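Take a look at the letters that make up each chain.
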Amino acid sequence: MGNLLGSWRFKEPSTVEECDSTWGSDSESDEPAAEDDSGISDSVSAAESDRAAGDPGDSSPQSVPKMKRSFYAARDLYKYRHSYPNYKRPRQPNEYRNLRFYLNKIPLVPDGIYIEEILSKWRGDYDKLEHNHTYIQWLFPLREQGLNFYAHELTQDEIKEFQSTREAKRRFLAAYSLMLDFYGIKLLDKSGNVARASNWQERFQHLNESQHNYLRITRILKSLGELGYEAFKAPLVRLFLEESLCHNTLPNMQHSVLEYYVYTIRLPATRRRLLRYARQHYRPAHAFLWGPPPKRRGGSGGTGGSVGAGSSGIRAPAPTPEQQRREEDSTTSTRNAIIVSSHDAMMCQDLAGGGLKGCTVLGSNMAGLEGALMLVGTRGGRSEYKEVVPFHHIITVIISYQMLAASPCLCLCSCNR
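Residues numbered from 1 in each chain as written. Predicted model: local features only at pLDDT ≥ 70, side-chain atom pairs only at ≥ 80, totals over all residues. Heavy atoms only, no water.

## Description of the packing of helix H12 (residues 212–226) against helix H13 (residues 233–246)
Part 1 of the argument: It is the contact of H12 with H13, at a shortest axis distance of 10 Å, that shows an interaxial angle of 155°. On the basis of the axis angle, H12 is roughly antiparallel to H13. Here H12 contributes Ile-217, Leu-221, Leu-224 and Gly-225 to the contact with H13, which in turn contributes Lys-233, Leu-236, Val-237 and Phe-240.
Part 2 of the argument: A per-class count over the contact of H12 with H13 returns 6 nonpolar, 1 polar and 1 charged. (Axes fitted to C-alpha atoms, helices over the stretch in contact; angles between N-to-C directions. Helix = DSSP H or I, 4+ residues; strand = E, 2+ residues; numbered from the N terminus. Parallel < 35°, antiparallel > 145°, perpendicular 65-115°, else oblique. Contact = heavy atoms within 4.5 Å. Nonpolar A, V, L, I, M, F, W, Y, C, P; charged D, E, K, R; others polar.)

## Notes on the nonpolar core
Part 1 of the argument: Within the largest apolar cluster, 69 residues are counted, with the highest numbers of intra-cluster contacts made by Leu-139 and Phe-240.
Part 2 of the argument: At 8 residues, helix H10 (residues 166–182) tops the list of elements feeding residues into this core.
Part 3 of the argument: Aside from chain neighbours lying at most four places away, what touches Leu-139 is Phe-101, Tyr-102, Ile-115, Ile-118, Phe-172, Ala-175 and Leu-178.
Part 4 of the argument: Within the second largest apolar cluster, 5 residues are counted, among which are Val-16, Phe-71, Ala-74 and Tyr-78. (Core = buried A, V, L, I, M, F, W, Y, C linked by side-chain atoms within 4.5 Å. Buried < 20%, exposed > 50% of the residue type's maximum accessible area, 1.4 Å probe, protein only.)

## With respect to the side chain of Asp-181
Part 1 of the argument: Secondary-structure assignment places Asp-181 in helix H10.
Part 2 of the argument: Look at Asp-181: it is buried, it has no salt bridge, and the nearest opposite charge is Arg-123 at 4.4 Å.
Part 3 of the argument: Residues contacting Asp-181, with those up to four places away along its chain left out, are Arg-123, Gly-124, Tyr-126, Asn-199 and Arg-203. (Lys, Arg positive; Asp, Glu negative; His and termini not counted. Salt bridge = Lys/Arg side-chain N within 4 Å of Asp/Glu carboxyl O.)

## Section: the packing of aromatic side chains
Part 1 of the argument: Counted under the stated rule, the structure contains 19 aromatic pairs.
Part 2 of the argument: Measuring from ring centre to ring centre gives 5.6 Å for Phe-101 and Tyr-102, while their planes differ by 80°; the resulting arrangement is edge-to-face.
Part 3 of the argument: The exposure class of Phe-101 is buried, given its relative accessible area of 0%.
Part 4 of the argument: Residue classification places Tyr-102 among the buried positions, given a relative accessible area of 0%.
Part 5 of the argument: Site record: aromatic cluster; members linked through ring pairs are Phe-101, Tyr-102, Trp-138, Phe-140, Phe-162, Phe-172, Tyr-176, Tyr-229 and Phe-232. (Phe/Tyr/Trp six-rings, centres within 6.5 Å; stacked < 30°, edge-to-face > 60°.)

## Digging into unusual backbone geometry
Part 1 of the argument: With an omega of 15°, the peptide bond between Val-109 and Pro-110 qualifies as cis.
Part 2 of the argument: Following Arg-283, the chain continues into Pro-284 via a peptide bond in cis, with omega recorded as -5°.
Part 3 of the argument: As for its placement among the helices and strands, Pro-284 is situated in the loop between helix H15 (268–281) and helix H16 (321–330).
Part 4 of the argument: With a phi angle near 55°, Tyr-84 is a residue other than glycine that sits in the positive phi range.
Part 5 of the argument: Following the sequence through the fold, Tyr-84 ends up in the loop between helix H4 (71–81) and helix H5 (97–102).
Part 6 of the argument: Not every positive phi belongs to a glycine, and Asn-104 is a case in point at roughly 65°.
Part 7 of the argument: Inspection of the secondary structure puts Asn-104 in the loop between H5 and helix H6 (115–121).

## Things to note about the confidence of the model for the chain
Part 1 of the argument: When pLDDT is averaged along the chain, the result is 72, and 56% of the positions lie at 70 or above.
Part 2 of the argument: Below a pLDDT of 50 lies the segment residues 296–317, which in the model reaches 32 contacts outside its immediate sequence neighbourhood of four places, other chains included. (pLDDT = per-residue confidence, 0-100.)

## Considering the pattern of salt bridges
Part 1 of the argument: Tallied over the entire structure, the rule returns 15 salt bridges.
Part 2 of the argument: A salt bridge links Asp-76 to Lys-222; its shortest N-O distance comes to 2.8 Å. In this pair, Asp-76 sits in helix H4 while Lys-222 sits in helix H12, placing the two residues 146 residues apart along the sequence.
Part 3 of the argument: Classification of Asp-76 by relative accessible area gives partly exposed; the value is 28%.
Part 4 of the argument: When its relative accessible area of 3% is taken as the criterion, Lys-222 is described as buried.
Part 5 of the argument: Among the ionic contacts, a cluster of salt bridges with common partners joins Arg-143, Glu-226, Glu-230, Lys-233 and Arg-266.

As structure tokens, this is what we get:
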């Protein structure tokens, strides 16, 4: 039971703020102490600073639809930056299909095309690169499943082998250059710097209209980081920020750059620099959601304990009188209780009252129990009222799971996959 209780310490993020450490105190001490953390760099002029704070020329807040950051995007990129907490066990070396594909030993499935054919014959064939949807998972593998289920996920051992294989790395950079050319961009050097290609006008127009490519770019950025090219991300993201915010050549990409591309970058300091640049040029300025949360002010005026809008730009709604009454009534019982969401509380009560009948809901493994007891902050992007489960119900749940683990034949759970 000790190991089970220890598993409760891990809590998957349940809010955008918990997923985003860009402006948090857990970031490295990589900036001068005197640097302003307001989201505007020291080089910004006074006029630009006023505009960033919201100038009269911008649209009023009432005229702009309210937006919020996507929790699902934030959670996905949090898992990527933290090396996937629920990582699977590695496959055997002879199953390193991504590496073998890049060594030109096996073709991609299901098309049966080898990497050398793609690199030598597909460059400039923009129709093929646009309409074929099976190659991208093979060219830019990740440690997560993509839409092509014939492609294998990377493993940590395979990544190490890939990074130590010169031939695979050479072809990977060639594949990256191939896709950049498809998007109207050229790779300048081995440091990852990029610039507009000669065909940029035609390709940018296509990229602005063909938005399924934004998903591909997210995958490309993630794969760069997995295979040892983390430094290549920032130059590409900076180019997309400049084109979408400053030159208006890729206006439809604005949200994807800020919501996804920036957050594929693992170093918080680099994310901060990119977001500061974005905030200078984002219009309307008051709608920028990706800056630092408002600083909390101390004092006894009653506002010191309030939570600011945070990186999502949304404040939690005030509790109703009924919720306040329930919260006051529950304070006396929280000492011997574990707080879970109301949905999971009902499942725990079900297990406590009916033995193993909740097995079909929670599954026949310890991960189900962990999910039932985990603190859940939001469901579908909204805060949810939480109930307090008495501790003896939790003990009953644990005993039920121990019985099930000892005699799995007691129940054929429909959740097994």
